[in-house]
Amino acid sequence: GGGEFAVLLPGLEPAEAATVVERLRHVTPHGQTFSAGVAGWVPDTEPVEVVLAADVALYDAKRSGRDRVVVAGADPTSDDLPTALRGMRAEVRAVRDVRGDVVAWQVVAAFPHDLDPASVVAAAHREGLGDVLEATVLRAALALPDRPPGTELHVRVGTSSLASDRFWEAVPERLDGVVLEVQHRGGSGAAGQRRLGRLRERRARLSVGPVGRSGGE
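First, a word on scope: everything that follows refers to the structure included in this document. (Residues numbered from 1 in each chain as written. Predicted model: local features only at pLDDT ≥ 70, side-chain atom pairs only at ≥ 80, totals over all residues. Heavy atoms only, no water.)

### Quick look at the pairing of strand β5 (residues 153-158)
We count it as follows: Only protein chains enter the accessibility calculation, which uses a 1.4 Å probe; a residue is then buried when its area is under 20% of its type maximum, exposed when over 50%, and partly exposed in between. Helix and strand labels come from DSSP, where a helix needs a run of H or I of at least four residues and a strand needs a run of E of at least two; each type is numbered from the N terminus. Strand pairing is assigned whenever DSSP identifies at least 2 bridges connecting the two strands.
Among the six residues in β5, five count as buried, and that is most of the element. Sheet topology note: the strand β4 (residues 102-110)/β5 ladder contains three bridges and is parallel. Residue Trp105 lies in a different strand from β5, and its bridge partner there is Leu153. By the bridge criterion, six bridges tie β5 to strand β6 (residues 178-183) in an arrangement that is parallel. Looking at β6, one finds that Val155 is bridged to Leu180.

### Looking at the environment of Gly11
Within the secondary structure, Gly11 sits in the segment before α1 (14-26). For the pair Gly11 and Gly40, spaced 29 residues apart in the sequence, the C-alpha separation amounts to 9.9 Å.

### Overview of a nonpolar patch on the surface
For the record, the criterion: Here, patches come from residues exposed beyond 30% relative accessible area and free of salt bridges, joined within 9 Å for like charges and within 5 Å for nonpolar side chains (Val, Leu, Ile, Met, Phe, Trp, Tyr). The method behind every accessible area is Shrake-Rupley, applied with a 1.4 Å probe, and residues are considered shielded solely by the protein chains displayed. Definition used for salt bridges: Asp or Glu carboxyl oxygen within 4 Å of a side-chain nitrogen of Lys or Arg.
A surface patch of nonpolar side chains, amounting to about 440 Å² of accessible area, comprises Phe5, Val7, Leu24 and Val27. By the secondary structure assignment, Phe5 is in the segment before α1. A residue is classified by how much of its surface remains accessible, and Phe5, at 71% relative accessible area, is exposed.

### Re the packing of helix α2 (residues 47-63) against helix α3 (residues 117-126)
Put simply, the test is: Fitted lines through C-alpha atoms give the axes, limited to the stretch in contact for helices. The angle between two N-to-C directions lies from 0 to 180 degrees. It is the rotation of the near helix from the far one that decides the hand of a crossing: anticlockwise by less than a right angle makes it left-handed, clockwise makes it right-handed. The contact definition used throughout considers only heavy atoms, calling two residues in contact when any of these lie within 4.5 Å. Following the grouping adopted for this structure description, the nonpolar residues are Ala, Val, Leu, Ile, Met, Phe, Trp, Tyr, Cys and Pro, the charged ones are Asp, Glu, Lys and Arg, and the polar ones are all others, Gly among them.
The geometry of α2 relative to α3 is characterised by a closest axis approach of 9 Å and an angle of 140° between their N-to-C directions. Note that α2 runs across α3; the crossing there is right-handed. Along the contact surface, α2 presents Leu52, Asp55, Val56 and Tyr59, while α3 presents Ser119, Val120, Ala123, Ala124 and Arg126. Taken together, the residues that form the contact of α2 with α3 break down as six nonpolar, one polar and two charged.

### Notes on the packing of α3 against helix α4 (residues 130-142)
Put simply, the rule reads: Here the word oblique covers every angle except those under 35 degrees (roughly parallel), over 145 (roughly antiparallel) and from 65 to 115 (roughly perpendicular).
Between α3 and α4, the shortest axis-to-axis distance is 7 Å and the interhelical angle comes to 130°. What the angle tells us is that α3 and α4 run oblique. On α4, the residues that touch Val121, Ala124 and His125 of α3 are Gly130, Leu133 and Glu134. Here the residues of the contact of α3 with α4 are counted per class, giving three nonpolar, two polar and one charged.

### Points about the pairing of β4
Each regular strand carries side chains that alternate between the two faces of the sheet. Examined bridge by bridge, strand β3 (residues 89-96) and β4 share eight bridges and lie antiparallel to one another. Across the sheet, residue Arg89 finds its bridge partner in β4, namely Ala110.

### Regarding the packing of aromatic side chains
For any pair of aromatic rings, geometry is given as the distance between the ring centres together with the angle between the planes. Our working rule: Any pair of Phe, Tyr and Trp rings, taking the six-membered ring for Trp, is counted once the centres come within 6.5 Å. Such a pair is stacked with planes under 30 degrees apart, edge-to-face with planes over 60 apart, and tilted for the rest. Ring-over charges, as used throughout, are those where CZ of Arg or NZ of Lys falls within 6 Å of the ring centre and within 35 degrees of the ring normal.
Summed over the entire model, instances satisfying the criterion amount to one aromatic pair. Between the aromatic rings of Phe167 and Trp168, the centroid separation amounts to 5.7 Å while the plane-to-plane angle is 90°, which identifies the pairing as edge-to-face. One exposure class covers both Phe167 and Trp168, and it is buried. In this arrangement the basic side chain of Arg198 is found over the ring face of Trp168, its NZ or CZ atom lying 3.9 Å from the centre.

### Digging into α3
Our working definition: The arc refers to the directions leading from the helix axis to the C-beta atoms.
For α3, the set of buried residues is Ser119, Val120, Ala123 and Ala124. The buried side chains of α3 occupy one side of the element, clustering within an arc of 135° when seen end-on. The inward-facing, buried residues of α3 abut α2 and α4. In the segment just after α3, Gly128 is the residue with positive phi, at about 80°.

### Considering the layout of surface pockets
To be explicit about the condition: Only protein atoms enter the calculation, which uses a 1 Å grid: trapped sets of points that fit a 1.4 Å probe without letting it out are cavities, open sets showing protein on both sides within 12 Å along at least five of seven lines are pockets, and any residue with an atom within 4 Å of a point is a lining residue. Grid points are joined across faces, edges and corners, and a volume is the space filled by probe spheres set on the points.
For the largest pocket, the calculated volume is near 1,200 Å³. The wall of the largest pocket is formed by 36 residues, among which Phe5, Ala6, Val7, Ala36 and Gly37 lie closest to the centre. When residues of the lining of the largest pocket are traced back to their parent elements, those giving at least two are α1, β1 (36-38) and α2. Per-element tally for the lining of the largest pocket: the top contributor is α2, with six residues. Residue composition of the lining of the largest pocket, by class: 20 nonpolar, 10 polar and six charged. Size it by volume and the second largest pocket reaches roughly 410 Å³. Residue lining of the second largest pocket: 16 residues in total, with Val107, Val108, Ala109, Val121 and Arg156 positioned closest to the centre. Contributing elements (two or more residues each) for the lining of the second largest pocket: β4, α3, α4 and β5.

Coordinates in, geometry out; function isn't part of it.
Structure follows, in structure tokens:
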């Protein structure tokens, strides 16, 4: 019925664990099937990181056709990111008006490995790492070597990230040329207004929805 559960297999490498899970898949009774994601825990890292990596692999298995086992395999390129988010880069997309003219540039997370970005992003928020993801995308947007001139960069950020100390510690002091599309994921009232004020102090512009809709400021 769509339920999820986790299996811990101490002392096994991911490939060995995948073999065990494959055996479980083949003996599942009554003609039922399941998809599984497998990841190995790296010592001295937070347990939530291996949960995120396995979660991303699970959704990759579902995206690839279901009833299969996928082993997490992101190439590590940044030691300060959770395993499943390593290798992430900023992808710039042109936003055009009805005449076809470029009116803005939107920056989103992209990954070099064969994973659905939407699955990675959803899993990151589910495992409490959405603030890390969004701060990393924002930093990557500001660090683009060939920032398109004359138009602003739009980056999505959730209100839950704005309530996170980790987000503010990672975000640069100056956000000139950036429009933050604020997505409501919890948090409101006076505290929410203060957080938006902090963004304005860093020279960011704010939008209450995706680029192209009314309601920006």
